[in-house]
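# An overview of the molecular structure
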Amino acid sequence: MTSTIVTISRQYGSGGREIGKLLAEQLEVPFYDNELITIAAKKSGYAEGLFVQADQKPTGSLLFSMSMLGTNRVSFDLPLNDKIFLIQSDIIREVAGKGGCVIVGRCADYVLRENPACVNVFISGDLDDRVRWAIQAGEVEESKARESVLKVDKRRAAYYNYYTSMKFGAADHYHLCLNSSCLGRQGSAELIRSFVCRLDQERQSEGKTM
């Protein structure tokens, strides 16, 4: 069990969700990915389908203001996708406030940027491996697999860049960046777990000496 909150950003097909779930099991903490959509829908009164449709799709609207991230009030003047992003941000802060957990996607690293208990991880993967996974998982047509994988990557980057004003995948935004093609899903989860446990020890040691 850990009090650390692990956020995972990832390239499509790199296994970020699976790695995050394995990591949560190893750390014995809650796991949140699509679960955030269900929670947000129940608390907001919006249909869950609206959250699914808006997921990773920025509006491109100039009405969105990052100052709204610090509030619990969602302006009726904002486009629906922006409202949904703000609602999800509130839910992310809420679940993180309960203690250690693993959160995949949804700009959680940025939403929780002022939370000292966070460890932000970026997971990439070799393109051929990611394409192969997408085909085997039935996510894309084989003839258009490579194009589809790159298209999802581009959409995720646009979503992240729009809502955070930072560059998706830039190493200096994360505590740990790794290529899942090197160690596989299980090995990647174990590596992150070791990193988190070592960081917990360092933080506890610093707390004792202060």
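I will try to describe carefully the structure that is included in this document. What you see is a predicted model; the values in this text were computed from it and never measured.

## As for the overall build of the chain
If you tally the helices and strands in the chain, you get eight helices and five strands. Across the chain, helices and strands are ordered from the amino to the carboxyl terminus as β-α-β-α-α-α-β-α-β-α-α-β-α. Counting all 210 residues of the chain, 47% fall into the buried class. The contacts in the chain between residues at least 6 apart in sequence include a share of 68% that link residues at least 24 apart. Surface summary for the chain: the accessible area is close to 10,800 Å², and the carbon and sulfur share equals 51%.

## Quick notes on unusual backbone geometry
Of note in this structure, E28 is not a glycine but carries a positive phi near 60 degrees. With respect to the helices and strands, the residue E28 is situated in the loop between α1 (16-27) and β2 (31-32). Even without being a glycine, R106 presents a positive backbone phi close to 60 degrees. Mapping R106 onto the fold places it in the loop between β3 (101-104) and α5 (108-111).

## Focus: the side chain of T4
As for its placement among the helices and strands, T4 is situated in the segment before β1 (5-10). Residue T4 is classed as buried on the basis of its relative accessible area of 1%. A distance of 2.5 Å separates polar atoms of two side chains, one belonging to T4 and the other to D200. Among residues more than four places away in sequence, those in contact with T4 are G100, C101, A117, V119, V196, D200 and R203.

## Side note on the sheet that holds strand β5 (residues 176-179)
As a general point, the strands of a sheet are linked pairwise by backbone hydrogen bonds and lie either parallel or antiparallel. In spatial order, the strands read β2-β3-β1-β4-β5; together these five strands make up an open sheet with parallel pairing. Every interior strand has two partners, whereas the edge strands, β2 and β5, have only one. Alignment of β1 against β3, held across four bridges, turns out to be parallel. Its bridge partner lying in β3, V6 is registered against V102. Against the sheet, helix α4 (residues 80-96) touches β1, β2 and β3, its axis set at about 160 degrees to β3.

## A few points about the side chain of S9
Topologically, S9 is positioned in strand β1. Residue class for S9 comes out buried when judged on its relative accessible area of 7%. When neighbours within four sequence positions are excluded, S9 is seen to be in contact with D109, V121, F122, I123, F168 and Y174.

## Section: the packing of aromatic side chains
Under the definition given, this model contains eight aromatic pairs. Judged by centre distance (6.0 Å) and plane angle (70 degrees), the ring pair of F85 and Y159 falls under edge-to-face. Of this pair, F85 sits in helix α4 while Y159 sits in helix α7 (residues 145-164), and the two are 74 residues apart along the sequence. Since its relative accessible area comes to 1%, F85 is described here as buried. Of the residues examined, Y159 reaches a relative accessible area of 5% and is grouped as buried.

## A few points about the pairing of β1
The buried count for β1 comes to six of six residues, which makes it a mostly enclosed element. Side chains of β1 alternate between two faces, with I5, T7 and S9 and V6, I8 and R10 buried alike. The pairing of β1 with strand β4 (residues 118-124) spans six bridges and is classified as parallel. Of the residues in β4, the one forming a bridge with I8 is V121.

## Overview of helix α2 (residues 35-44)
Within the span of α2, buried status applies to L36, I37, A40 and A41. Along the long axis of α2, the arc covered by the buried residues comes to 130 degrees, so they all point the same way. The outward face of α2, more than 90 degrees from its buried face, is lined by the exposed residues K42 and K43.

The rules behind each value
Residues numbered from 1 in each chain as written. Predicted model: local features only at pLDDT ≥ 70, side-chain atom pairs only at ≥ 80, totals over all residues. Heavy atoms only, no water. Helix = DSSP H or I, 4+ residues; strand = E, 2+ residues; numbered from the N terminus. Buried < 20%, exposed > 50% of the residue type's maximum accessible area, 1.4 Å probe, protein only. Contact = heavy atoms within 4.5 Å. Areas by Shrake-Rupley, 256 points an atom, 1.4 Å probe, with all protein chains shown as cover. Polar contact = N/O pair within 3.5 Å; in protein donor to acceptor, adjacent residues only side chain to side chain. Pairing = 2+ DSSP bridges. Axes fitted to C-alpha atoms, helices over the stretch in contact; angles between N-to-C directions. Phe/Tyr/Trp six-rings, centres within 6.5 Å; stacked < 30°, edge-to-face > 60°. Arc of directions from axis to C-beta.

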